[in-house]
Amino acid sequence: MSLPVQADDWGARLSDGSGVEVDASTHRAWRLEDGRRTPLWDGVHRLEDGSVVIVRDGVAVPNPAMLDTWSEAPPRQPREAGRESDACRELVRRVCGEGEGDNAACAGGEPCRLARDLLKMSAESLPLEAEIQAESSVGTQCREAMTNPFFAPCR
């Protein structure tokens with residue numbers, strides 16, 4: 001499943017000092033001047049840096065700078081506490097045993113260390129689309145580990 005990623009709008013300065021903004025989802029071009037936002041008229045518009053923006057029917061023809069802005073990954077969002085995969089938390093309880101952290105009964109074992117690594121991976125902050133894919137994938141790995149003899153219950 002792929003979710004739409006919301007990119008940032010692209011903006012720059014026109015050679016006359018006013019701003020130009022292009023909506024990431026619609027590519028509509030806007031002129032920003034004196035606190036007003038008005039449609040940017042059709043034509044070729046020179047930017048402060050010497051490059052140009054072409055507008056046809058109110059829509060900007062994407063240039064390399066726009067494409068770079070729109071292809072950037074969305075910012076990483078901090079996860080809420082407790083958002084780790086339930087399957088990974090259960091795997092850690094099963095493999096590491098009772099107790100917290102290094103005080104768990106089987107905390108020194110390799111299976112416990114690897115189970116904790118999976119739990120950490122399930123809690124990492126990622127861009128939304130990648131987070132959904134990773135949560136599903138890591139959760140699946142933790143569920144599969146529950147049936148793997150290497151991840152035997154702590155005794």
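Going by the structure above, here's the rest.
Moving on, we get to unusual backbone geometry. For Asp34, which is not glycine, the phi torsion reads 50 degrees and is therefore positive. Take Asp34: it is sitting in the loop between strand E3 (29-33) and strand E4 (36-39). For Asp34, a relative accessible area of 72% gives the class exposed.

Mapped onto the elements of the fold, Ala145 is located in helix H4 (residues 128-145). Given a relative accessible area of 6%, Ala145 falls into the buried group. Apart from the residues within four sequence positions on either side, Ala145 is in contact with Leu91, Arg94 and Phe151.

With that out of the way, let us pick up the packing of helix H2 (residues 86-96) against helix H3 (residues 110-123). Where H2 meets H3, the axes come as close as 9 Å, and the angle between the chain directions of the two elements is 165 degrees. Classified by the angle their axes make, H2 and H3 are roughly antiparallel. When you trace H2 past H3, the crossing you get is left-handed. Across from Cys88, Arg89, Leu91, Val92, Val95 and Cys96 in H2, the residues of H3 making contact are Pro111, Cys112, Ala115, Arg116, Leu118, Leu119 and Ser122. The residue makeup of the contact of H2 with H3, split by class, is ten nonpolar, one polar and two charged.

Criteria and cut-off values
- Residues numbered from 1 in each chain as written.
- Predicted model: local features only at pLDDT ≥ 70, side-chain atom pairs only at ≥ 80, totals over all residues.
- Heavy atoms only, no water.
- Helix = DSSP H or I, 4+ residues; strand = E, 2+ residues; numbered from the N terminus.
- Buried < 20%, exposed > 50% of the residue type's maximum accessible area, 1.4 Å probe, protein only.
- Contact = heavy atoms within 4.5 Å.
- Axes fitted to C-alpha atoms, helices over the stretch in contact; angles between N-to-C directions.
- Parallel < 35°, antiparallel > 145°, perpendicular 65-115°, else oblique.
- Left-handed = near helix turned anticlockwise from the far one by under 90°.
- Nonpolar A, V, L, I, M, F, W, Y, C, P; charged D, E, K, R; others polar.

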